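These are the residues of each chain, in order.
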Amino acid sequence: MFSKSCEYAIRATVFIGSQSFSDNKPRLKDISREINSPEAFTAKILQTLVKHSIITSHKGPNGGFSISLDLLPKIKIYDIVLAVDGDSIFKGCALGLPKCSENHPCPAHHKFKAVRKQLQKTLEEISIETMITDVISGSTFLKILN
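Definitions and cut-offs
Residues numbered from 1 in each chain as written. Predicted model: local features only at pLDDT ≥ 70, side-chain atom pairs only at ≥ 80, totals over all residues. Heavy atoms only, no water. 1 Å grid on protein atoms, 1.4 Å probe; cavity = no way out; pocket = protein on both sides within 12 Å on 5 of 7 lines; lining within 4 Å. Points joined across faces, edges and corners; volume = space filled by probe spheres on them. Helix = DSSP H or I, 4+ residues; strand = E, 2+ residues; numbered from the N terminus. Nonpolar A, V, L, I, M, F, W, Y, C, P; charged D, E, K, R; others polar. Buried < 20%, exposed > 50% of the residue type's maximum accessible area, 1.4 Å probe, protein only. Axes fitted to C-alpha atoms, helices over the stretch in contact; angles between N-to-C directions. Parallel < 35°, antiparallel > 145°, perpendicular 65-115°, else oblique. Left-handed = near helix turned anticlockwise from the far one by under 90°. Contact = heavy atoms within 4.5 Å. Core = buried A, V, L, I, M, F, W, Y, C linked by side-chain atoms within 4.5 Å.

Chemist: With reference to specific residues and values, describe the layout of surface pockets.
Modeler: In this model, the largest pocket occupies a volume close to 250 Å³. As for the largest pocket, its lining consists of 14 residues, and the residues nearest its centre are Ile10, Arg11, Met131, Phe141 and Leu142. Those elements giving two or more residues to the lining of the largest pocket turn out to be helix 1 (4–20) and helix 7 (128–137). Looking at which element gives the most residues to the lining of the largest pocket, the answer is helix 1, with four residues. Residues that form the lining of the largest pocket fall into these classes: ten nonpolar, one polar and three charged. For the second largest pocket, the calculated volume is near 150 Å³. Contributing to the lining of the second largest pocket are Phe90, Lys91, Glu102, His109, Lys113, Arg116, Lys117, Gln120 and Lys121. Sorting the residues of the lining of the second largest pocket by element identifies helix 5 (88–91) and helix 6 (109–125) as the ones contributing at least two each. The dominant element in the lining of the second largest pocket, judged by the number of residues it contributes, is helix 6, at six residues. Along the lines of polarity and charge, the residues of the lining of the second largest pocket split into one nonpolar, two polar and six charged.

Chemist: I'd like a description of unusual backbone geometry, backed by residues and values.
Modeler: For Asp23, which is not glycine, the phi dihedral falls at a positive 60°. Among the secondary structure elements, Asp23 is positioned in the loop between helix 1 and helix 2 (28–35). A relative accessible area of 65% means that Asp23 is categorised as exposed. With phi around 60°, Ser53 is a residue other than glycine that occupies positive phi space. As for its position among the elements, Ser53 is in the loop between helix 3 (39–51) and strand 1 (56–58). Relative accessible area serves as the criterion here: at 56%, Ser53 is assigned to the exposed category.

Chemist: Outline the packing of helix 1 against helix 2, supporting the account with residue identities and numerical values.
Modeler: How two helices sit against one another is set out by the angle between their axes and by the gap between those axes. One way to put it is that helix 1 packs onto helix 2 with a least axis distance of 10 Å and a crossing angle of 120°. Overall, the two elements helix 1 and helix 2 adopt an arrangement that is oblique. Where helix 1 crosses over helix 2, the two elements pack in a sense that is right-handed. Together, Tyr8, Arg11, Ala12, Phe15 and Ile16 of helix 1 and Asp30, Ile31, Glu34 and Ile35 of helix 2 make up the contact between the two elements. Taken together, the residues of the contact of helix 1 with helix 2 sort by class into six nonpolar, no polar and three charged.

Chemist: Residue-level account of the nonpolar core, with values.
Modeler: Ile31, Leu46, Leu49, Ile55, Leu123 and Ile128 are the most contacted members of the largest nonpolar core, which totals 31 residues. Of all the secondary structure elements, the ones that give two or more residues to this core are helix 1, helix 2, helix 3, helix 4 (77–85), helix 6 and helix 7. Setting aside residues up to four positions removed in sequence, Leu46 forms contacts with Ala12, Ile16, Leu28, Ile31, Ile55 and Phe65.

So, in structure tokens, the structure goes:
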């Protein structure tokens, strides 16, 4: 559904947020290993998340990445999708046509309109905090099993 970059960004944000509860600041290598993503690719994703104020980067020997605990309930999956993939999943043509619109719809336009609207609404409701508490409680999982 999302680009690989966006999937990794969501995983990274949940992992960093979960570490922020214990005041840990995971480093690039730890995040990359945890989300099963190449380090260079993860570094670019983390740069994007920092640029959009979703995560914070800390330099130096005690550096790493964190998320302020008061931001966890405010950061929604929608924010990460917008930061990494843009809004094309919510506004773009389902068939990838460049000139699809209300006035010039593709064959799938009207059927996908409701789906896109519901997807946006759902992603605007899911907070990183909720995802983290679900992982911590064991009702969901994040780690890729090998």
